[in-house]
Amino acid sequence: MILDLIIIGAGPAGITASVYAARKKMNFLVLTKDIGGQAIWSSDVENYPGYQFITGPDLMTKFQEHMEKYGIQVREKEEVIELEKKDNIVYIKTTKETYEAKTAIIAAGKKVKEIGVPGEKEYKNKGVAYCVTCDGPLFAEKDVAVVGGGNSALDAAIQMMNIANKVYLINMTDKFTGDPIMQEKIKSNPKVKILHNTRVESIAGDKFVKGISVDIQGKKDILNVKGVFIEIGLMPNSWFVKGLDKNEKGEIKVNCANETNVLGVFAAGDVTSVPEKQIVIAAGDGAKAALGAFRYLARLK
Ligand SMILES: Cc1cc2nc3c(=O)[nH]c(=O)nc-3n(C[C@H](O)[C@H](O)[C@H](O)COP(=O)(O)OP(=O)(O)OC[C@H]3O[C@@H](n4cnc5c(N)ncnc54)[C@H](O)[C@@H]3O)c2cc1C
């Protein structure tokens, strides 16, 4: 059977798209690895309108309940491994089967790059964080480490030097790759200690992070930090799409209607070239993409 629409992903963008598609009575399903996406990693969400404070998991439970209200077909734990449009049909291959649809919305988001050291997974959300904008305020007046040397890391260090007591900026190489203006701001701030040619070897703690072991130019040391921000970048989950234009970061290029270069294939949220990656933006994109798919189908008829 050829469906009207297939939505890939059930984070803020995919779930919102599914609610809009259900309200338009489209014949569709959602294929996703999990429900909630990155938003469930955030311990505090303080910028989603309507909630002055809500945890990421609670917010995404509410999104999920909204989706369940419409009885939407969700195939969870089903990873998409290929998407291609041929002869006016979008073929979507998963680890389990191949589906066909007239339209698709790719809402597969991003995944963080991890540093892969002992303790990182164990202390995720217990001191190990990947988003300073979201979690920075939790470390007010504490000593923290920021890991990375590009713009995200420099931006994280700038944000944290206004919040934390002390910021160790840990860079694996001998130079930053981020913007010189940002580097100057950091270098002139006494709260920031820059450690070049330094590697984090492990993260330790009890309930929460208590410190990290580092190798500073061959010398071992322990930094007693309460927070570790891993800022070595995020990768869009766009590897499985064929024939779609992407930017230099691998994000799927979309216009302001969330259309890709392939007619009938839309993309929404963090996987796209839309600037700023936030829950409210992803949700808005999901709504636009579903309405766009609905309009496209109406034109086909
Ligand atoms: C630690 C952290 C804290 C954050 N805190 C905040 C905050 O406080 N406020 C805020 O506004 N934003 C916050 N953000 C950003 C916010 O979470 C994202 O902008 C938002 O989740 C993007 O939504 P999305 O639906 O586009 O993608 P995601 O949330 O990444 O969801 C993608 C979905 O696609 C699925 N998927 C991925 N690949 C495949 C595949 N191949 N096949 C099938 N399914 C797939 C995933 O399982 C997931 O369900 C935070 C981000 C992080 C990392």
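A quick note: this is a predicted structure, and the numbers were derived from the prediction, not measured.

**Notes on helix α2 (residues 56–69)**
Between its first and last C-alpha, α2 extends 20 Å over 14 residues, near the 20 Å set by a 1.5 Å rise per residue. Along α2, the residues that are buried comprise Gly-56, Leu-59, Met-60, Phe-63 and Met-67. Seen from one end, α2 has its buried residues packed into an arc of 95°, which puts them on one side. The outward face of α2, more than 90 degrees from its buried face, is lined by the exposed residues Glu-65, Glu-68 and Lys-69. Buried positions along α2 lie against α1 (12–23).

**Let's talk about the environment of Thr-103**
Counting through the fold element by element, Thr-103 comes out in strand β6 (residues 98–106). When the C-alpha positions of Thr-103 and Ile-89 are compared, they lie 7.6 Å apart, and in sequence the two are 14 residues distant. Filtering out sequence-adjacent residues up to four positions away, Thr-103 remains in contact with Asp-4, Leu-5, Val-90, Gly-264, Ala-293, Tyr-296 and Leu-297.

**Section: helix α6 (residues 279–300)**
Relative to the 32 Å expected for 22 residues at 1.5 Å per residue, α6 spans 32 Å between its end C-alpha atoms, a close match to the ideal helical length. Within α6 the residues assigned to the buried category are Ile-279, Ala-282, Ala-283, Asp-285, Gly-286, Lys-288, Ala-289, Ala-290, Gly-292 and Ala-293. Tucked into the core, α6 has its buried residues touching β1 (2–10), α1, β6 and β17 (265–267).

**Quick word on unusual backbone geometry**
Unlike most non-glycine residues, Lys-25 shows phi in positive territory, near 55°. Along the chain, Lys-25 turns up in the loop between α1 and β2 (28–35). Its identity is not glycine, yet Asn-258 carries a phi of approximately 60°, on the positive side. Within the fold, Asn-258 resides in the loop between β16 (234–236) and β17. Residue class for Asn-258 comes out buried when judged on the 28 C-beta atoms lying within 10 Å of it.

**Some points on the packing of helix α4 (residues 151–161) against helix α5 (residues 180–187)**
Taken N-terminus to C-terminus, the directions of α4 and α5 make an angle of 35°; their axes are 10 Å apart at the nearest point. Crossing of α4 against α5: the hand is left-handed. Of the residues in α5, those touching α4 at Asn-151, Leu-154, Asp-155, Ala-157 and Ile-158 are Met-182, Gln-183, Lys-185 and Ile-186. Split by residue class, the contact of α4 with α5 holds 5 nonpolar, 2 polar and 2 charged.

**A look at the packing of α1 against α2**
α2 packs onto α1 with a crossing angle of 25° between their chain directions and a minimal axis gap of 9 Å. As summarised for this structure, α1 and α2 are arranged roughly parallel, according to the angle between their axes. The element α1 and its partner α2 pack so that their crossing is left-handed. On the side of α1, the interface is formed by Pro-12, Ile-15, Ser-18 and Val-19, while α2 contributes Phe-63, Gln-64, His-66 and Met-67. Its residues assigned to classes, the contact of α1 with α2 shows 5 nonpolar, 3 polar and no charged.

**Quick word on the site of the ligand**
Not every one of the 38 residues close to the ligand is listed here, only the nearest: Gly-9, Gly-11, Gly-37, Gly-109 and Gly-269. Broken down by secondary-structure element, the contributors of at least two residues to the shell around the ligand are β1, α1, β2, β7 (110–112) and α6. Considering every element that reaches the shell around the ligand, the biggest residue donor is β2, with 4 residues. For the shell around the ligand, the class distribution of residues is 20 nonpolar, 12 polar and 6 charged. When residues of the shell around the ligand are assigned to domains, at least three fall in each of domain 1 (2–111 + 234–300) and domain 2 (128–230).

**Overview of the domain arrangement of the protein chain**
According to the domain assignment, the protein chain consists of domain 1 (2–111 + 234–300) and domain 2 (128–230). If you average the C-alpha positions of domain 1 and of domain 2, the two centres end up 33 Å apart.

**So, the sheet that holds strand β13 (residues 209–216)**
Reading across from one edge, β12-β13-β14 is the order of the 3 strands in this open sheet, with antiparallel pairing throughout. The open sheet terminates on both sides in strands that have one partner only, identified here as β12 (198–205) and β14 (219–223). The average undirected angle you get between the axes of adjacent strands in this sheet is 20°. When β13 meets β14, the two strands line up antiparallel, connected through 5 bridges. Opposite Ser-213, over in β14, you have Ile-222 as the bridge partner.

Reading the values: rules and limits
Residues numbered from 1 in each chain as written. Predicted model: local features only at pLDDT ≥ 70, side-chain atom pairs only at ≥ 80, totals over all residues. Helix = DSSP H or I, 4+ residues; strand = E, 2+ residues; numbered from the N terminus. Expected span 1.5 Å × (residues − 1). Buried ≥ 20, exposed ≤ 12 C-beta atoms within 10 Å, placed from the backbone. Arc of directions from axis to C-beta. Contact = placed C-beta atoms within 7 Å. Axes fitted to C-alpha atoms, helices over the stretch in contact; angles between N-to-C directions. Left-handed = near helix turned anticlockwise from the far one by under 90°. Nonpolar A, V, L, I, M, F, W, Y, C, P; charged D, E, K, R; others polar. Parallel < 35°, antiparallel > 145°, perpendicular 65-115°, else oblique. Near = placed C-beta within 6 Å. Domains from an automatic or database assignment. Pairing = 2+ DSSP bridges.

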